Amino acid sequence: MLQLSPHLKARLSTPLKIGALEVNSRVLQSPLSGVTDLVFRRLVRRYAPESMLYTEMVHASRLQHLKEIPIIMEIDPNERPVSIQLFDCRPHFLAEAAQKAVAEGADTVDINMGCPVNKITRKGGGSSLLRQPEVAEEIVREIVKAVDVPVTLKTRIGWDDAEITILDFALRMQDAGAQMITVHGRTRAQGYTGNARWEWIGKVKQVLDIPVIANGDIFSVESAVRCLEETGADGVMCSRGTLGYPFLVGEIDYFFKTGEILAAPTPVQRLECAKEHLEALYEYKGERGIYQARKHMAWYAKGFVGASDLRSNLNKIETVEQGVELLNKAIDKLATGYEVIEEKEVVMSQ
Ligand SMILES: Cc1cc2nc3c(=O)[nH]c(=O)nc-3n(C[C@H](O)[C@H](O)[C@H](O)COP(=O)(O)O)c2cc1C
């Protein structure tokens, strides 16, 4: 049975304090570009009523040319606490964007200092800020001056193995006024490969006074507990583990609060959730929502007999009706005794 050390139990029994903001959960849903839109966040929120959620990253200077708030910045007042994540390298644009984020209802403003994508780092944003700590500092200072909500950031441990600069960088961000830092335990050069190096997150925790959130390879309740025990971090943030699985943050939160493991959703429940996700995306974004839904549907259709065929069919849907029909057929099949036997075989062969 999964046990918590007395130390960790004590930590989990108090709220996460981000500046003046108190969040009654120590597991967070990460910002995921192309994923954590309002529709996805509503699903996560259902299972994790108190956790901090993040929008997709928003390009700050792009807001200069828009008359209205773009759809990726939209917040439902019922989904708070929620943070809007911004990326850019120009302090002035970021400060203005932060004000718009707060006007939209953001409880914190988060700055992306970890994105490894060339298109973004070439222009000085994302993880390239690790190599320009003076710019990163100015960004934090400008935003802190501009808004009255906590300013936080999410970054990596360094640019590459020769430049693991996170300790100095994190201290500088704290000095500049950041109220929380999330550390993804990989370098920019690692991308998403290899293991997240949680030992570096533990070192960051030792030198900072502000909360440190551990990110990278949190795929289960067990990994969340192990990460907090090993790093001493103030909370964990889930990312790829939530793709096609909006239950994860809630499962971890429930364990942190009760010491009990929730039963995992069955394949039928996951496909029911996929259907709801598809319909809601269509309702919210129209046709564009259907194309975006394809990848989500493929993530949901996993771990049962026939999943691979279902994935390739879902990947071609042109209308919401096609998707619903495919999902309904799969649900009907899974609901028969015959399929349950097959499911058991799948579990045994894993
Ligand atoms: C599809 C995808 C989109 C992402 N988008 C963002 C983003 O918008 N902002 C951000 O800070 N990190 C983003 N990330 C990085 C994740 O938040 C996280 O740091 C990374 O996946 C490591 O955690 P994991 O090993 O648990 O997946 C993204 C990752 C993926 C896979």
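Scroll up a little and you will see the structure.
Residues numbered from 1 in each chain as written. Predicted model: local features only at pLDDT ≥ 70, side-chain atom pairs only at ≥ 80, totals over all residues. Heavy atoms only, no water.

Cis peptide bonds are those with omega within 30 degrees of zero, and the linkage from Arg80 to Pro81 qualifies with 10°. Residue placement: Pro81 occurs in the loop between β4 (53–59) and β5 (82–87). One non-glycine residue with positive phi stands out, namely Asp217, at about 65°. Inspection of the secondary structure assignment puts Asp217 in the loop between β9 (212–215) and α8 (221–231). (Helix = DSSP H or I, 4+ residues; strand = E, 2+ residues; numbered from the N terminus.)

For the rest of this paragraph, the subject is the packing of helix α3 (residues 91–104) against helix α5 (residues 133–146). One can describe the packing of α3 onto α5 by two numbers: an axis separation of 8 Å at closest approach and a directional angle of 35°. In this structure, α3 meets α5 at a crossing whose hand is right-handed. Contacts from Pro91, Leu94, Ala95, Ala98 and Gln99 of α3 reach α5 at Glu138, Ile139, Glu142, Ile143 and Ala146. A per-class count over the contact of α3 with α5 returns seven nonpolar, one polar and two charged. (Axes fitted to C-alpha atoms, helices over the stretch in contact; angles between N-to-C directions. Left-handed = near helix turned anticlockwise from the far one by under 90°. Contact = heavy atoms within 4.5 Å. Nonpolar A, V, L, I, M, F, W, Y, C, P; charged D, E, K, R; others polar.)

Before going further, it helps to examine the pairing of strand β10 (residues 235–238). Residues Gly235 and Met237 of β10 are buried on one face, and the alternating residues Val236 and Cys238, pointing to the opposite face, are buried as well. Two elements, strand β3 (residues 27–29) and β10, share three bridges in a ladder whose sense is parallel. Across the sheet, Leu28 pairs through a bridge with Met237, a residue of β10. Since β9 and β10 lie parallel, the crossover through α8 that links them has a hand, and here it is right-handed. (Buried < 20%, exposed > 50% of the residue type's maximum accessible area, 1.4 Å probe, protein only. Pairing = 2+ DSSP bridges. Right-handed = clockwise from strand over helix to strand, strands pointing away.)

Before going further, it helps to examine the nonpolar core. Core analysis: the biggest nonpolar cluster contains 95 residues, and Met113, Ile143, Leu153, Val236, Ile252, Phe256 and Leu271 have the highest contact counts within it. Excluding its chain neighbours within four sequence positions, the residues that come into contact with Ile143 are Leu94, Ala95, Ala98, Val109, Ile111 and Val151. Counting ten residues, the second largest nonpolar core, distinct from the first, contains Ile18, Leu21, Val23 and Ile213. (Core = buried A, V, L, I, M, F, W, Y, C linked by side-chain atoms within 4.5 Å.)

This paragraph deals with the site of the ligand. Around the ligand, 17 residues are found, and the nearest of them are Ser33, Gln85, Lys154, Asn215 and Arg240. For the ligand, an oxygen atom lies 3.5 Å from a polar atom in the side chain of His184. Arg240 is positioned with one of its side-chain polar atoms (N or O) 2.6 Å from an oxygen atom of the ligand. When the free accessible area of the ligand is taken as 620 Å², the share hidden by the protein chains comes to 88%. Grouping the amino acids of the shell around the ligand by side-chain chemistry returns five nonpolar, eight polar and four charged. (Near = heavy atom within 4 Å. Polar contact = N/O pair within 3.5 Å; in protein donor to acceptor, adjacent residues only side chain to side chain. Areas by Shrake-Rupley, 256 points an atom, 1.4 Å probe, with all protein chains shown as cover.)

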